[in-house]
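# Descriptive structure summary
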Amino acid sequence: MLRAMTVPVAHVLVVEDEAAIAETVLYALRSEGYAASHCLLGGEALLRLQAGGIDVVVLDVGLPDLSGFEVCRRLRAQAGPAAQLPVIFLTARNDEVDRVLGLELGADDYMTKPFSPRELVARVRARLRRAAPVVAAPSADAGWQEHGAFAIDREGRRIRFRGHALDLTRYEYALLEALLQRPGAILSRAQLMDRGWDSSADSADRTVDTHVKTLRAKLRAAGASDDPIRTHRGLGYALEV
């Protein structure tokens, strides 16, 4: 039975001692699909944040036990992921000094009561978007598979030996790729031609031997002291990686 993939839901902690405001904010957040929890006190909020699982904090400044400023200061002083959580202050005061203090303590946004619950949800959404981890660009080695001294990028049809890019012809690449698929295994000339040549029209007697010879020369030029392509008389070739 197939199960639908669940998408993680962002969790917002609302720290507010006025019940009517808290209920309005919680309803607005949940209506937009967010998970939302509520704390009445600053000390309770700090304990909840230490437990983890919170993505954004909506924090009232005027709490009964600790001010929202003090909660933010202690949160930012903690070690671990909680110290980096986005914080949005709610306050009944609109003084510039309070806004500046809140931002200097590490708050990410500031809303003055009365406020629009829809605007608060929009600001929560914006903070979550900015806090989302940046996906790193693929590294230069993305797609490469290591096989001892060799590395192959099959999608890019490239092969390196001891870090040196090999300048290979179409058939040299096909032959070496076939050998790299089964390092150490002996592959006959017919097997190598089946894997690397499109049709018999592209082949002739001893053509595999000719390409092995040119491959060996290129590997020596790339620093191979011992020949990694071993000849097994009457059987074929094997690659030692």
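Use the structure listed above.
Treat the numbers as computed from the prediction; the structure is a model and nothing was measured.

### As for the packing of helix H2 (residues 42–50) against helix H3 (residues 68–77)
Running from N to C, H2 and H3 point in directions that differ by 25 degrees, and their axes come no closer than 10 Å. Relative to H3, H2 is oriented roughly parallel. Crossing geometry of H2 relative to H3 is assigned as right-handed. Residues Gly42, Leu46 and Leu49 of H2 pack against Val71, Arg74 and Leu75 of H3.

### What to know about unusual backbone geometry
The omega torsion of the bond from lysine 113 to proline 114 falls at -5 degrees, within 30 degrees of zero and hence cis. Here proline 114 shows up in the loop between strand E5 (109–112) and helix H5 (117–131). If you check the backbone angles, arginine 157 has positive phi at about 55 degrees while not being a glycine. On the secondary structure map, arginine 157 appears in the loop between strand E7 (150–153) and strand E8 (158–161). With a phi angle near 50 degrees, arginine 162 is a residue other than glycine that sits in the positive phi range. Topologically, arginine 162 is positioned in the loop between E8 and strand E9 (164–165).

### Focus on the pairing of E8
Inspection of the sheet shows E7 paired to E8 by 4 bridges, in the antiparallel sense. Pairing of phenylalanine 150 across the sheet is with phenylalanine 161, part of E8. Taking the residues between adjacent antiparallel strands as the criterion, E7 and E8 are bridged by 4 residues, where arginine 157 takes a positive phi near 55 degrees. Summarising the sheet, E8 and E9 pair through 2 bridges and their orientation is antiparallel.

### A look at the environment of leucine 180
Looking at where leucine 180 falls in the secondary structure, it is placed in helix H6 (residues 170–181). Take leucine 180: its relative accessible area is 0%, and that puts it in the buried class. Taking the C-alpha atoms as reference, leucine 180 lies 9.9 Å from isoleucine 159; in sequence the two are 21 residues apart. Excluding anything up to four places from it in sequence, leucine 180 contacts His147, Phe150, Ile152, Arg154, Ile159, Leu239 and Val241.

### Structural notes on the pattern of salt bridges
Taken as a whole, this structure holds 14 salt bridges when the rule is applied. Here lysine 113 and glutamate 18 are joined by a salt bridge, their closest N and O atoms 3.7 Å apart. Here lysine 113 is found in the loop between E5 and H5, whereas its partner glutamate 18 is found in the loop between strand E1 (11–15) and helix H1 (19–31), with 95 residues between them in sequence. Residue class for lysine 113 comes out buried when judged on its relative accessible area of 15%. Residue arginine 158 pairs with aspartate 153 through a salt bridge whose shortest N-O separation is 2.6 Å. Residue class for arginine 158 comes out partly exposed when judged on its relative accessible area of 40%. Where salt bridges share partners, they join Glu16, Glu18, Asp60 and Lys113 into one cluster.

### Some points on the sheet that holds strand E4 (residues 87–91)
Spatially, the 5 strands line up as an open sheet ordered E2-E1-E3-E4-E5, and their pairing is parallel. Bordering the open sheet on either side are strand E2 (35–39) and E5, each of which pairs with just one other strand. Averaged over all pairs of adjacent strands, the angle between their axes in this sheet comes to 20 degrees, without regard to strand direction. Judged from the 4 bridges that link them, strand E3 (residues 56–60) and E4 form a sheet pairing that is parallel. Residue aspartate 60 lies in a different strand from E4, and its bridge partner there is leucine 90. Sitting on the sheet, H1 is in contact with E1 and E2, with an inclination near 165 degrees to E2.

Analysis parameters
- Residues numbered from 1 in each chain as written.
- Predicted model: local features only at pLDDT ≥ 70, side-chain atom pairs only at ≥ 80, totals over all residues.
- Heavy atoms only, no water.
- Axes fitted to C-alpha atoms, helices over the stretch in contact; angles between N-to-C directions.
- Helix = DSSP H or I, 4+ residues; strand = E, 2+ residues; numbered from the N terminus.
- Parallel < 35°, antiparallel > 145°, perpendicular 65-115°, else oblique.
- Left-handed = near helix turned anticlockwise from the far one by under 90°.
- Contact = heavy atoms within 4.5 Å.
- Pairing = 2+ DSSP bridges.
- Buried < 20%, exposed > 50% of the residue type's maximum accessible area, 1.4 Å probe, protein only.
- Salt bridge = Lys/Arg side-chain N within 4 Å of Asp/Glu carboxyl O.

What is shown is where atoms sit, not what they do.
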